[in-house]
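Coordinates in review
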Amino acid sequence: KTSFAEAAGILKNGTPVNESPELLTKAIRIKSEIVEKDRFESGIRAKLNLGHTFAHAIESCCQLFAPNENICNHGEAVAIGIKIAAKFSYIKELLSQSEYQLIIDTISAAGYPTLGNIIKHCHNTSVEDFRKKLLHFMGNDKKCKEDFINFVFIIGVGEVKVIPTPLTEICVTISDFGLDDCKKSLRKCEKLRKIYPDIVAEIRLDLCGLTKAQLKNLFSSTQIPLIATCRKRTSTEAIEALSAGAS
């Protein structure tokens with residue numbers, strides 16, 4: 001926790017990671033100590049796989065869809081993987097909202113690309129195709145056993161826990177839940193409404209990250225009844241967004 005707090009302070013001051021030798025030195029030392037304690041990855045070393053389930057799959061997708069372009073390096077892929085792992089941990093209620101936001105803000109302050117940016121650089125590749133291939137590559141991960149993967153969850157800053165998790169459950173977290181994603185989901189709901197006329201859609205304000213203007217846009221774009229919710233403690237922004245949408 002102390003090391004993370006130091007890193008957060010350095011990055012929020014605008015110092016790039018590659019210009020923070022003390023930060024890199026400490027990270028390397030911590031990793032070396034863990035490897036030394038568990039040379040054959042039979043225990044504590046598995047924790048170093050945090051973010052790598054997604055990272056390896058992201059790298060494989062980039063090689064598949066844009067083989068001649070250096071879209072992202074391993075470190076950037078791991079950073080994205082950790083953000084997705086944090087989101088998944090939060091959704092599973094293993095990570096508090098405040099610590100989830102702290103992790104996301106700290107990684108974002110480091111200037112790493114987002115998954116959405118990477119997909120945009122994979123020319124002529126749809127978000128859906130990219131996600132399908134992510135799931136395919138995760139299924140081939142060394143940590144995957146019979147459609148379950150030993151996933152590294154974040155249960156607090158500086159604390160992780162390895163839990164066997166179905167691949168299909170992991171896949172639903174691979175999204176930035178932006179306005180376009182929400183509209184695509186609503187279009188699918190509209191098709192289902194022909195079969196299930198009472199269908200409604202729930203918008204998780206703590207996950208989608210929509211502004212008040214975008215939320216109004218979303219409410220006016222469909223005839224599907226929408227329910228806007230915010231899990232755990234609602235922030236002032238979420239309440240304002242909910243009020244804007246409800247009106």
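Residues numbered from 1 in each chain as written. Predicted model: local features only at pLDDT ≥ 70, side-chain atom pairs only at ≥ 80, totals over all residues. Heavy atoms only, no water.

Each helix and strand in the protein was counted, giving 12 helices and 5 strands. Counting over 247 residues, the protein shows a buried share of 39%. Residue pairs in contact within the protein that sit at least 24 positions apart in sequence constitute 67% of those at least 6 positions apart. If you sum the accessible surface of the protein, you get close to 14200 Å²; carbon and sulfur atoms cover 53% of it. (Helix = DSSP H or I, 4+ residues; strand = E, 2+ residues; numbered from the N terminus. Buried < 20%, exposed > 50% of the residue type's maximum accessible area, 1.4 Å probe, protein only. Contact = heavy atoms within 4.5 Å. Areas by Shrake-Rupley, 256 points an atom, 1.4 Å probe, with all protein chains shown as cover.)

Taken together, the side chains of K132, K184, R187, K188, K191 and K194 make up a positively charged region of the molecular surface. Looking at the positive patch element by element, the count peaks at 4 residues for helix α9 (residues 179-192). (Patch = residues over 30% accessible without salt bridge, like charges linked within 9 Å, V, L, I, M, F, W, Y side chains within 5 Å. Salt bridge = Lys/Arg side-chain N within 4 Å of Asp/Glu carboxyl O. Lys, Arg positive; Asp, Glu negative; His and termini not counted. Charge placed at Lys NZ, Arg CZ, Asp CG, Glu CD.)

Summed over the entire model, instances satisfying the criterion amount to 6 aromatic pairs. Pairing F54 with F151 gives two aromatic rings, centres 5.7 Å apart and planes at 75 degrees, and the pair type is edge-to-face. In this pair, F54 is assigned in helix α3 (residues 52-65) and F151 in strand β2 (residues 148-156), connecting sequence segments 97 residues apart. F151 carries the same exposure label as F54, and that label is buried. An aromatic cluster is present here, built from F54, F88, F151 and F153 joined pairwise through their rings. (Phe/Tyr/Trp six-rings, centres within 6.5 Å; stacked < 30°, edge-to-face > 60°.)

In this section: the packing of α3 against helix α7 (residues 127-139). The contact between α3 and α7 brings their axes to 9 Å, and the two run at 125 degrees. The angle between α3 and α7 places the two elements in the oblique class. Viewed along their axes, α3 and α7 form a crossing whose handedness is right-handed. Between α3 and α7, the contacting residues are T53, F54, A57, I58, S60, C61, L64 and F65 on the first element and D129, F130, K133, L134, F137 and M138 on the second. (Axes fitted to C-alpha atoms, helices over the stretch in contact; angles between N-to-C directions. Parallel < 35°, antiparallel > 145°, perpendicular 65-115°, else oblique. Left-handed = near helix turned anticlockwise from the far one by under 90°.)

In this section: the pattern of salt bridges. It is possible for side chains bearing opposite charge to pair when their charged atoms get close. In this structure the tally under the stated criterion is 2 salt bridges. Of the charged contacts, one joins E36 and R39 as a salt bridge, the two residues approaching to 2.9 Å between their closest N and O atoms. The exposure class of R39 is exposed, given its relative accessible area of 54%.

Close reading of the predicted structure is inappropriate where its pLDDT is low. Confidence in the prediction for the protein averages 77 pLDDT; 74% of positions are at 70 or higher. For the protein, the element scoring lowest by mean pLDDT is helix α12 (residues 236-246), at 50; α3 scores highest, at 91. (pLDDT = per-residue confidence, 0-100.)

Quick look at a nonpolar patch on the surface now. Taken together, L192, I195 and Y196 make up a surface patch of nonpolar side chains, about 320 Å² in accessible area. Relative to the elements of secondary structure, L192 occurs in helix α9. Its relative accessible area of 37% is what places L192 among the partly exposed residues.

Within the chain, E93 stands out as a residue other than glycine whose phi angle is a positive 60 degrees. Take E93: it is sitting in the loop between α4 (74-91) and α5 (97-109).

Here we take up α3. Its 14 residues give α3 an end-to-end C-alpha distance of 20 Å, which sits within 8% of 20 Å, the value for a rise of 1.5 Å per residue. Among the residues of α3, H52, T53, F54, A55, A57, I58, E59, C61 and C62 are the ones counted as buried. (Expected span 1.5 Å × (residues − 1).)

A regular strand places its side chains on the two faces of the sheet in alternate fashion. Where β2 and strand β3 (residues 159-166) come together, 8 bridges link them in antiparallel fashion. Its bridge partner being in β3, F153 is matched across the sheet by K161. The turn joining β2 and β3, which pair antiparallel and follow one another in sequence, is formed by 2 residues; a positive phi near 85 degrees is taken by G158. (Pairing = 2+ DSSP bridges.)

Counting 39 residues, the largest nonpolar core has I58, I118, F130 and I154 as the members making the most contacts within it. Within the residue set of this core, elements represented by two or more residues are α3, α4, α5, α6 (115-121), α7 and β2. In terms of residue count, the dominant contributor to this core is α4 (10 residues). Each residue touching I118, except ones within four places of it in the same chain, is listed here: I58, C62, I71, C72, I80, P113 and F130. Counting 10 residues, the second-largest nonpolar core is a separate cluster that includes C189, I199, I203 and L226. (Core = buried A, V, L, I, M, F, W, Y, C linked by side-chain atoms within 4.5 Å.)

Turning to its location among the elements, T222 is positioned in the loop between α11 (212-220) and β5 (226-229). With a relative accessible area of 8%, T222 lands in the buried category. Setting aside residues up to four positions removed in sequence, T222 forms contacts with L186 and E190.

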